[in-house]
Structures are given as C-alpha cells and as structure tokens.
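Close look at the chain arrangement
Below are the chains, spelled out letter by letter.
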Amino acid sequence: MTQRAGRQVVRKAVVPAAGFGTRFLPATKAMPKEMLPVVDKPAIQYVVEEAVVAGLDDVLFITGRNKRALEDHFDRNFELEEVLRIKGDDERLTMVTAASDLARIHYVRQGEPLGLGHAVLMAENHVGDEPFAVLLGDDLIDPRDPVLVRMLQVRAECGGSVICLMAVPRASISLYGCPAVVETGSGDVVIVTDLIEKPDVAEAPSSFAVIGRYVLDPAVFEVLRATKPGRGGEIQLTDALRVLAQMPEDAGGGVRGVVFGGRRYDTGDRVSYLQSVIQMACERPDLGPELRTWLKEFAAELP
Ligand code: UTP
C-alpha cells in the first residue's frame with residue numbers, strides 16, 4: 001500500500017447531471033436526463049442509493065440550467081407528505097421521504113456544459129484534497145453486484161485512480177472510452193496504461209469499455225485544469241485519466257481498472273434505456289409476474 005493510499009479514505013460522491021441530454025429530447029428540455037424514471041424511480045436516485053451503500057453519504061450534484069426538478073426530488077415535499085399521511089398511505093409516504101433522507105446532498109453549478117471532465121472540475125472546492133467517487137446516471141449497477149465497493153477496496157490497497165471496465169462486443173467499442181491494459185495477475189484488476197475516447201474499432205486498444213463509475217485521486221483536478229477540449233470539443237474525463245495513467249504514483253498518478261462482470265443497466269440512449277426499464281421491471285416482485293406474462297404474449301405476436 002502506498003502512503004498516499006493509506007491515509008485517505010473516500011467519503012464523497014460526485015454525480016454529474018449538467019449535460020444537455022440531447023438524445024432524450026424533448027423529455028429533457030426542462031429536466032436533466034438523470035431525472036428520467038427507470039420503472040418508478042429517477043435514474044439518479046438509484047445512483048445515490050449505490051453511493052450510500054458503499055459508505056459515501058456526502059453527495060455533490062453537478063447541475064445545469066434545469067436543476068429545479070433534481071433539487072425538488074431530493075428535498076422534502078410537506079404538502080404531498082401530509083396528503084399521504086391523511087390517506088394513511090404509509091407505503092408511499094416512506095417512498096416519498098426516502099429520497100430526502102438518503103444522504104447529505106450538495107449542489108454546484110456547471111455554468112456551461114463543456115464536457116464531463118469540466119463537470120468533474122466543478123467539484124474541486126467541495127472535494128478538496130481527498131479521493132472521491134464519480135457516478136454517472138447513464139449506468140445503473142444492480143445492487144447485488146456492488147462494483148463501487150470493490151473499486152474503493154482497490155483504491156485503498158493501491159492508491160491512484162480506479163475505473164470500471166466491462167468487456168463489450170468489439171463492434172460497439174466506438175460508443176465508449178476504451179483503455180489499453182496490462183494484466184496484474186490479480187483476478188479482476190488490470191493496470192491501465194492508456195485510454196481513448198470512442199475509438200474506431202480498428203484503433204481500439206482492447207475490448208473493454210469504461211463504465212460510469214470512477215474513484216479518482218484529487219490529482220485529477222490539476223490535470224483537468226490543463227486539459228484542452230478533445231473529442232466533440234468537450235473537456236473529456238478520459239483525456240485526464242490518460243495523463244493520470246502515465247503520472248508517477250507518488251504524484252497521485254496510476255490508474256487501475258476493475259473488470260466488472262455483473263449486472264449493469266444502460267440508460268444512456270433510448271433503446272438501451274427502454275431495455276433497462278423492461279429488464280428491471282421484470283425482476284420486480286410487484287410488477288414482474290404481470291409484465292412477463294404480457295411481454296411473452298406481445299413478443300409472440302411480433303412480426
Ligand atoms: P453524456 O455525454 O452522456 O450526457 O455525459 P449528455 O451530454 O447530457 O447526453 P447527450 O449525449 O446530449 O444525449 C455523461 C454524463 O456527464 C454529464 C451528463 O449529465 C451525464 O451524466 N455531463 C456531461 C455534465 O454534467 N456536464 C457536461 O458538460 C457533460
């Protein structure tokens with residue numbers, strides 16, 4: 001264990017929600033895409049629940065121009081609570097108060113959505129000189145496969161930064177950030193030597209996709225400040241990670257990847273979002289039986 005790794009515990013989670021969400025327009029015209037319901041909860045609530053389960057109950061949202069819905073969701077709604085109380089609907093009352101009781105929530109504004117790297121840089125004042133986690137609402141991780149907990153273990157053991165990797169079909173690698181990796185001989189952990197954002201299939205250095213969970217060393221902030229706009233004119237977190245991967249460990253460098261083979265639901269584009277909603281609803285004891293029966297009949301009649 002490096003000295004740097006040993007003395008710093010991860011306590012804070014950063015959840016960027018300031019993107020334009022153009023793929024979901026017009027639904028995202030007046031609310032962030034992270035507020036889109038996945039079955040009956042906004043995507044961002046699953047992400048906050050995951051952070052809390054991993055021991056991170058200080059959550060900073062990076063918000064954009066449409067932050068109102070987000071703030072209201074994680075705040076109390078006394079009027080609604082009163083109505084449910086009068087009706088004696090304790091079950092829904094618990095659901096409604098759950099979001100506001102989850103964690104200590106903070107907000108910081110990203111004036112212009114200049115990219116995920118820029119969004120993370122907005123967290124610097126709140127995070128300070130501590131390692132921290134970043135969770136994206138585009139990826140939902142099944143609570144039965146707590147990869148963030150594993151990533152925090154790797155950070156505690158090795159220091160540096162830790163990213164989450166999943167093997168994907170090579171043909172789809174150009175949808176993701178893609179790392180060059182070296183095996184460590186220790187099961188699910190690899191050393192990341194380089195990264196490319198959305199590479200052409202022929203240029204992809206591996207078949208691993210970077211998934212939206214990161215444990216970052218605070219050294220990332222200085223790197224991000226020096227990162228020029230990259231692909232799509234945006235300040236890319238991937239570009240900063242690439243620099244970190246090549247920096248010495250005693251300066252906060254070093255990037256490891258945890259190879260995740262568990263259940264992940266992709267909510268980033270419309271088709272995968274719809275698939276995720278159906279998959280998750282099918283697994284729910286309250287909705288699954290009815291939905292599965294209908295789905296089988298529906299699928300049988302598809303042309
Ligand atoms: P995406 O690129 O998937 O989000 O960013 P987007 O730009 O909102 O979506 P599309 O492509 O237009 O449909 C990944 C995550 O980073 C956040 C987004 O909110 C999302 O959670 N993000 C992105 C920011 O917070 N700020 C940015 O400037 C860019």
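It should be emphasised that the depicted structure is a prediction, and the values quoted were computed from it without experimental measurement.

1. Overview of the environment of aspartate 217
Relative to the assigned elements, aspartate 217 resides in the loop between strand S11 (208-216) and helix H9 (219-225). In the structure, aspartate 217 is positioned 60 residues away from valine 277 in sequence and 33 Å away in space, judged by C-alpha atoms.

2. Topic: the packing of helix H4 (residues 78-87) against helix H5 (residues 90-101)
Their axes nearest at 9 Å, the elements H4 and H5 cross at an angle of 160°. Looking at the two axes, H4 sits roughly antiparallel to H5. You can see that H4 and H5 cross each other, and the crossing is left-handed. Residues Leu80, Glu81, Leu84 and Arg85 of H4 form the contact with H5, whose own contacting residues are Arg92, Leu93, Val96 and Thr97. In the contact of H4 with H5, the residues fall into four nonpolar, one polar and three charged.

3. Details of the packing of aromatic side chains
Each aromatic ring pair is specified by the distance between its two centres and by the angle formed by the two planes. The tally for this structure, following the rule as stated, stands at five aromatic pairs. A ring pair is formed by phenylalanine 24 and tyrosine 273, whose centres lie 5.4 Å apart and whose planes are at 80°; its orientation type is edge-to-face. Here tyrosine 273 lies in helix H11 (residues 270-283) and phenylalanine 24 lies in the loop between strand S1 (12-17) and strand S2 (37-38), a separation of 249 residues in the sequence. For phenylalanine 24, a relative accessible area of 7% translates into the label buried. Taken together, a centroid distance of 5.1 Å and an interplanar angle of 50° make the contact between phenylalanine 61 and phenylalanine 74 tilted. You can see phenylalanine 61 sitting in strand S4 (residues 58-63) and its partner phenylalanine 74 sitting in the loop between helix H3 (68-73) and H4, a full 13 residues away along the chain. For the pair shown, phenylalanine 61 and phenylalanine 74 are each scored as buried. Through successive ring pairs, a cluster of aromatic residues spans Phe61, Phe74 and Tyr107. Its guanidinium or amino end placed over the ring of tyrosine 46, lysine 41 lies 4.6 Å from that ring's centre, counting from NZ or CZ.

Thresholds applied
Residues numbered from 1 in each chain as written. Predicted model: local features only at pLDDT ≥ 70, side-chain atom pairs only at ≥ 80, totals over all residues. Heavy atoms only, no water. Helix = DSSP H or I, 4+ residues; strand = E, 2+ residues; numbered from the N terminus. Axes fitted to C-alpha atoms, helices over the stretch in contact; angles between N-to-C directions. Parallel < 35°, antiparallel > 145°, perpendicular 65-115°, else oblique. Left-handed = near helix turned anticlockwise from the far one by under 90°. Contact = heavy atoms within 4.5 Å. Nonpolar A, V, L, I, M, F, W, Y, C, P; charged D, E, K, R; others polar. Phe/Tyr/Trp six-rings, centres within 6.5 Å; stacked < 30°, edge-to-face > 60°. Buried < 20%, exposed > 50% of the residue type's maximum accessible area, 1.4 Å probe, protein only. Lys NZ or Arg CZ within 6 Å of the ring centre and 35° of its normal.

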